[in-house]
Amino acid sequence: MSLAFPITEQTQEALEKGRLLFARPTEFVKGVVAIDGLPGADRMEVCFAGRSNVGKSSLINALTRRHGLARTSNTPGRTQEINFFTCQSSHYLVDLPGYGFANAPLKVVKKWQRLLKDYLAGRATLRRAFVLIDARHGIKKVDDEILDLLDNAAVNFQVVLTKIDKVKPDDLATVLAQIRADLSNHPAAYPELVLTSSAKGDGIDILRAIIAGLE
Ligand SMILES: Nc1nc2c(ncn2[C@@H]2O[C@H](COP(=O)(O)OP(=O)(O)OP(=O)(O)O)[C@@H](O)[C@H]2O)c(=O)[nH]1
Ligand SMILES: [Mg+2]
C-alpha cells in the first residue's frame, strides 16, 4: 500500500532526522511493575498504548530494527510490565501492558490498569502517547476509556493503525472514517493518523520521523 503524500524537502529532512535517531541500537533499560519503579524523568518519552495483541511490542521492534528487543507473542497479555527502552540517551520508548485482555485474573488486570493509569496521567516527560488501533477493528469501547483518560490528563496522543497489511483498501477506508469521527470528540487527539505494518515495514520511517521531530 502506498502512503501517498507529497515528498517535500521538509519531509525528507524529517525522515532523515528519524533515521538518524534510530541509527544506533536502542537498549532495554528496565521493566517496571509499580509506579515508584519508574526511571528518573530525565529525557523525553513516548509510549505505546493499546489493546492486548494490537502490536505494540512488534512496532517497537520495527522502529528500532531489533527483533526480539520487545517481547512479542500470539498470546495476549505478553507484556506485563512497563518496559523502558532508551534511544540515543535522549528518548525513552515505553512499551505498555495491553488493556482489554479478558483472560487474565481480575486481580492482575486491576493491578495493570492502575499502573497504566497512574503512568499515563502522571508522567511529566511524556511528550506523546501513541495509541495503537488494529486496522481491522477500529476504535472499541476499551480504547475509548483510555482516550478519555488521556484527554482528562491532557496528554497529547496520536492514533497509530497497526497491521494494515491485513486489511483490504475498502475496509481500511471505512475504519479510517470511523476513527476520524471518533477522534473529533477527543480534544487531546492529534488529528493525523499513522498507518503502519510492522510485518511489511509500512509507515515505520514516518513514525521514526514523528518521534524525532518532537520537541
Ligand atoms: N500481520 C501482522 N501481524 C502483526 C503486526 N504487528 C504485530 N503482529 C502480530 O500480532 C501479534 C501480537 O503482537 P505484539 O507485538 O506481541 O502485541 P502487543 O500489543 O505487544 O501485545 P501485548 O504485549 O500482549 O499487549 C504477534 O503475533 C505479532 O506477530 C503487523 O503489522 N502485521
Ligand atoms: Mg507487548
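Here's a quick rundown of the structure. Since the structure is predicted, the reported quantities are computational estimates derived from the model, not experimental observations. (Residues numbered from 1 in each chain as written. Chains lettered and ligands numbered in written order. Predicted model: local features only at pLDDT ≥ 70, side-chain atom pairs only at ≥ 80, totals over all residues. Heavy atoms only, no water.)

This paragraph deals with the side chain of T125. Note on placement: T125 falls in the loop between α3 (106-122) and β5 (126-134). Not counting the four nearest positions on each side in its chain, T125 is found in contact with A41, R43, M44 and E45. (Helix = DSSP H or I, 4+ residues; strand = E, 2+ residues; numbered from the N terminus. Contact = heavy atoms within 4.5 Å.)

Taking 1.5 Å as the rise per residue, helix α5 (residues 169-183) with 15 residues should run 21 Å; its terminal C-alpha atoms sit 21 Å apart, in good agreement. Residues L172, V175, L176, I179, D182 and L183 constitute the buried set of α5. Buried residues of α5, seen end-on, are gathered within an arc of 125° and therefore sit on one face of the element. Relative to its buried face, α5 has exposed residues pointing more than 90 degrees away, namely D170 and T174. Its buried side turned inward, α5 meets β5, α4 (141-152), β6 (157-162) and β7 (189-195). (Expected span 1.5 Å × (residues − 1). Buried < 20%, exposed > 50% of the residue type's maximum accessible area, 1.4 Å probe, protein only. Arc of directions from axis to C-beta.)

Taking 1.5 Å of rise per residue, twelve residues should cover 16 Å, and α4 covers 17 Å from first to last C-alpha, within 8% of that figure. Regarding α4, the residues found buried are D143, I146, L147, L149, L150 and D151. On its buried side, α4 packs onto α3, β5, β6, α5 and β7. Positive backbone phi, approximately 55°, marks A154, located one or two places after α4.

Once that is clear, we can look at the pairing of strand β4 (residues 91-95). The buried fraction of β4 amounts to five of the five residues, a majority that puts the element mostly inside the structure. By the alternation rule, side chains of β4 split into H91, L93 and D95 and Y92 and V94, which are all buried. Across five bridges, the pairing between strand β2 (residues 44-50) and β4 is parallel. Following the sheet pairing, E45 is matched in β4 by Y92. Following strand β3 (residues 82-87), the chain reverses through three residues before pairing antiparallel with β4; Q88 in that reversal takes a positive phi of roughly 55°. (Pairing = 2+ DSSP bridges.)

This paragraph deals with the packing of aromatic side chains. All chains considered together, the criterion is met by four aromatic pairs. Ring geometry for F84 versus Y92: centroids 5.3 Å apart, planes at 85°, classification edge-to-face. By relative accessible area, F84 is classed as buried at 0%. Summarising the aromatic geometry, the rings of F84 and Y119 are spaced 6.4 Å apart at their centres and angled 85° between planes, so their arrangement reads as edge-to-face. Residue F84 is located in strand β3, and its partner Y119 is located in helix α3; the two are separated by 35 residues in the primary sequence. Grouping residues by exposure puts F84 and Y119 together as buried. Taken together, the ring pairs in this structure connect F84, Y92 and Y119 into an aromatic cluster. Its end group placed over the ring of Y190, R128 keeps NZ or CZ at 4.2 Å from the ring centre. (Phe/Tyr/Trp six-rings, centres within 6.5 Å; stacked < 30°, edge-to-face > 60°. Lys NZ or Arg CZ within 6 Å of the ring centre and 35° of its normal.)

One side chain can pair with another of opposite charge once the charged atoms of both are near each other. Per the stated rule, a full pass over the model turns up six salt bridges. Taking the shortest distance from any N to any O, the salt bridge between R136 and D134 comes out at 2.8 Å. Judged by its relative accessible area of 34%, R136 is partly exposed. (Salt bridge = Lys/Arg side-chain N within 4 Å of Asp/Glu carboxyl O.)

Interaxial distance between helix α1 (residues 9-21) and helix α6 (residues 204-213) falls to 7 Å at its minimum, and their mutual angle equals 85°. In terms of orientation, α1 lies roughly perpendicular with respect to α6. Taken together, the residues of α6 that come into contact with α1 (itself represented by A14, L15, K17, G18 and L21) are D205, I206, R208, A209, I211, A212 and G213. By residue class, the composition of the contact of α1 with α6 is seven nonpolar, two polar and three charged. (Axes fitted to C-alpha atoms, helices over the stretch in contact; angles between N-to-C directions. Parallel < 35°, antiparallel > 145°, perpendicular 65-115°, else oblique. Nonpolar A, V, L, I, M, F, W, Y, C, P; charged D, E, K, R; others polar.)

All right, on to the nonpolar core then. Counting 39 residues, the largest nonpolar core has L96, Y119, L120, F157, L161, I179 and L183 as the members making the most contacts within it. Top contributing element to this core by residue count: α5, with five residues. Dropping the residues within four chain positions of it, L161 is found in contact with I133, A135, L172, V175, L176, I179, V194, L195 and T196. V46, V54, C87 and V194 belong to the second-largest nonpolar core, a separate cluster that totals 25 residues. (Core = buried A, V, L, I, M, F, W, Y, C linked by side-chain atoms within 4.5 Å.)

Such coordinate-based values are descriptive only and should not be taken to indicate function.
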